[in-house]
Structure formats: C-alpha cells, structure tokens
Amino acid sequence: MKKKWIIASSIVLGVIGLCVIFAFTLFSLKKVSVDFRTSITNISATEDEIIESANFKYGSSVFFHGKNGYIGNIEKSYPYIKVINIETVFPSKFIIHVAEREEIFAVKNGENYNITDDEFKILRIENDFIPSSSNAMLIEGVSINSNTYNIGDFLNITGYYEIYDALYENNLPNGECNNIIEKITFSTVYDAVLKKNINTVSLKLFNGMTFEILNCDYGLSAKIKMFKNVFSSFPEFIGKTIKVDSEEGEKYIILTEENLLKATFKINNYYDYSSHDENDCYFDIIPFENN
C-alpha cells in the first residue's frame, strides 16, 4: 500500500513538474504586437515604442503577467493611447489592442485649460482656448479638487452630469458635437414648483442658440434627444406665433430667424411622475426679445 502511494505521489509530482516546465518554456512570453482599433491622428509613437514602454517581462510565463501594470506603463507614456485590453494568444504572444483617446472637453484649471477625453484624462494643457479652433467643448460650472495636475492624469471632477454619454447615445458623437456646441455650463436654478434648486446644463451653440436642460440628472438622454430634434428643425418655427410673458403682461410675438438664433430653449420633464416617466419631456421657447 505504501509503495502504491509513493508511485502515485511520484506521478503527480512528475505531472506538476512537466506543467511547470511547459509554463516557463512553451508558454513563455516571446512576442508582442499592437492592434490599432481606431485612427492614430494624435498618436506619434511607433508600434515598437509602444511595446517598449510597457516594459514586458519576456521569458516568463504568459499565465503570470500583471497586465494592469503594463497597461498603466503604456498609458502613462502616451496619454492619447487607451489600452482596451492585452490579449493572450497561446502559446507565447500578447496583442495590445489600443484606441486613440479623443479630445472632448476643455476644463479651465487656474490659468490653464486642460484638454481631456470623456474620462477627463488630461491629453494636453494649453494657456489659452478658442472653441472654434479646437476639437474640444468648453465646460464651465464644474469643480476640480486640486490645482496640481499633469498630462496623463485624470481630473477629479464634481458637478458634472453624463452629458457626453447622452449626446453619444443620440448619435451625436464628438465629431459632430464640436461643430455645434461652443460651451457646456453646469449650474443650479430654483424650481418654483418643486421649491428647491435643481441641476441644470446649458448648451451654448455656435449659431447663438442656448438650450437649457433643466433637472439634468433625470431623463437626460431623452432631453438630449429633444434638443437634437428641435435644433435640426428650428427653421420650421420661423413665422409661428407664440405667447410670452413680459413686464406688461402676456403678449404674442411672431418668431423670426433672428430671435430664434438668439433664443433660449428650456427643456424640462413633466412634474406628474405618476403619468409621465423620465422619457417624457417638453420645451419652451424664450425668444430674444424676452431674454
């Protein structure tokens, strides 16, 4: 019985030994390549430079690599690179799948402007910012917890609501948004019905229009959809008559192209939550003469 146990133990140890040998020979890391999933307009690094920046441990088993560390090394060296993942291709290869981070926001911090992607990673820092000459949209009304940030860091932002996600969900990617939206401002306004301050995001457009999205932490995607629809069809409002409040009381005005292009469009949800959900919203036009 003891002899059988010794034989069985020897077999098990032999199998384990073979596995260890295979792990550090057949499955040792020998080759790494890069797969670019998007354009590389702002990525000047070559494939070899990207691979070198990761500081891979060649010769060690592909099973025992800390891939998060490699990802961190690459993204720290090249801020415009976003590593989607590092794929293991057996028996001995890694493929780094990368995408280019887009310039989405410009956030003023102190005397400088941080140009960031949608995750608020700082891609570059500028002394001045001109919206019409940049891919980024200016953001105001948010708070940053520190004045000390470097390129490659992530800004710690408060007061931001997921406006970019809502725009993207409604087929308004960055390439289209930065041609339409000059500035995004987050603030709070007093709601006389709810008798409290509500969160608001204002979209100032290059054509002069302002879209004020009230209660922006509720049904934001639906309100962005309404913004898109109203913006794309605003010429249909020219010539229509609307009722507005003024210091003299209610009056009626005929909408012109001029007062529409300088108007504020207020988008809000209905207060009766029992009959309306977050996808139900409406808008009011505050023409230029009444601003």
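Residues numbered from 1 in each chain as written. Predicted model: local features only at pLDDT ≥ 70, side-chain atom pairs only at ≥ 80, totals over all residues. Heavy atoms only, no water.

## Considerations on unusual backbone geometry
Stated precisely, the cut-off is as follows: Each helix is a run of DSSP H or I of at least 4 residues and each strand a run of E of at least 2, with the numbering of both proceeding from the N terminus. Relative accessible area decides the class of each residue, using a 1.4 Å probe on protein chains only: under 20% of the type maximum gives buried, over 50% gives exposed, and in between gives partly exposed.
The omega angle of the peptide bond from Phe90 to Pro91 is 10°, so this bond is cis rather than trans. Relative to the helices and strands, Pro91 is located in the loop between β2 (81-89) and β3 (93-100). Of note, Asn171 is a non-glycine position whose phi angle comes to about 60°, a positive value. With respect to the helices and strands, the residue Asn171 is situated in the loop between α4 (163-169) and α5 (174-180). The class of Asn171 is exposed, set by a relative accessible area of 56%.

## Some thoughts on the packing of aromatic side chains
Note the cut-off: When two rings of Phe, Tyr or Trp (its six-membered ring) have centres within 6.5 Å they constitute a pair, described as stacked for plane angles under 30 degrees, edge-to-face for angles over 60, and tilted for the intermediate range.
Evaluation of the coordinates by the stated rule reveals 18 aromatic pairs. Taken together, a centroid distance of 4.8 Å and an interplanar angle of 75° make the contact between Phe211 and Phe227 edge-to-face. With a gap of 16 residues between them, Phe211 in strand β12 (residues 210-214) and Phe227 in helix α6 (residues 220-232) connect regions that are remote in the sequence. According to the relative accessible area criterion, Phe211 is buried, its value standing at 0%.

## Observations regarding a nonpolar patch on the surface
Quick note on the threshold: A residue counts toward a patch only above 30% relative accessible area and without a salt bridge, and it is joined to like-charged neighbours within 9 Å or, for Val, Leu, Ile, Met, Phe, Trp and Tyr, to nonpolar neighbours within 5 Å. For the area figures, the Shrake-Rupley method with a 1.4 Å probe applies, and any residue is considered shielded solely by the protein chains shown. One speaks of a salt bridge when a side-chain nitrogen belonging to Lys or Arg is within 4 Å of a carboxyl oxygen belonging to Asp or Glu.
Judged by side-chain polarity, Phe63, Phe64 and Phe90 come together as a nonpolar surface patch covering roughly 370 Å² of accessible area. Along the chain, the position of Phe90 falls in the loop between β2 and β3.

## A look at the confidence of the model for the protein
Rule in force here: A score from 0 to 100, pLDDT tells how confident the predictor is in each residue.
With 89% of its residues at a pLDDT of at least 70, the protein reaches an overall mean of 87. In the model of the protein, helix α1 (residues 2-24) stands out as the element of lowest mean pLDDT, 51, in contrast to β12, which has the highest, 97.

## Describing the pattern of salt bridges
This model, assessed by the stated rule, comprises 10 salt bridges. Across the pair Glu126 and Arg124 runs a salt bridge whose closest N-O atoms are separated by 2.7 Å. Within this structure, Glu75, Lys82, Arg101, Asp117 and Glu119 form a network of salt bridges that share partners.

## Some points on the pairing of strand β4 (residues 105-109)
Applied cut-off: At least two DSSP bridges between two strands are required for those strands to pair.
In terms of residue burial, β4 counts as a mostly covered element, since four of its five residues are buried. Here β4 runs beside strand β5 (residues 112-116); their pairing, made up of five bridges, is antiparallel. Bridging across to β5, Phe105 finds its partner in Thr116. Count of turn residues in the β4/β5 antiparallel hairpin: two residues, of which Gly110 carries a positive phi of about 70°. Note that β4 and strand β7 (residues 137-140) share three bridges and pair parallel. Bridged to Val107 within β7 is Ile139.

## Details of a negative patch on the surface
Rules: Working convention for charge: Lys and Arg count positive, Asp and Glu count negative, and His plus the chain ends are omitted. Each charge is placed at NZ for Lys, CZ for Arg, CG for Asp and CD for Glu.
Residues Glu102, Asp118, Glu162, Asp165 and Glu169 make up a contiguous surface patch of negative charge. Following the sequence through the fold, Glu162 ends up in the loop between β9 (157-158) and α4.

## Thoughts on the sheet that holds strand β15 (residues 264-269)
How we decide: Every axis in this analysis is a line fitted to C-alpha atoms, fitted for helices over the stretch in contact. Angles between the N-to-C directions lie between 0 and 180 degrees. By definition, residues are in contact when any of their heavy atoms lie within 4.5 Å.
Spatially, the nine strands line up as an open sheet ordered β6-β5-β4-β7-β10-β11-β12-β15-β16, and their pairing is mixed. Edge positions in the sheet fall to β6 (122-126) and β16 (281-286), since each of these pairs with one other strand and no more. Sheet twist, expressed as the average angle between the axes of neighbouring strands with direction ignored, equals 25°. Against the sheet, α6 touches β11 (196-205), β12, β15 and β16, its axis set at about 160° to β12.

## Details of helix α3 (residues 67-77)
Here is the rule: The arc under discussion is defined with respect to the helix axis, by the directions toward the C-beta atoms.
Looking only at α3, the buried set comprises Tyr70, Ile71, Ile74 and Glu75. One face of α3 carries all of its buried residues, which in axial projection span an arc of 125°. Among the exposed residues of α3, those pointing more than 90 degrees away from its buried face are Asn68 and Lys76. Contacts made by the buried residues of α3 are with α2 (47-54), β2 and β3.

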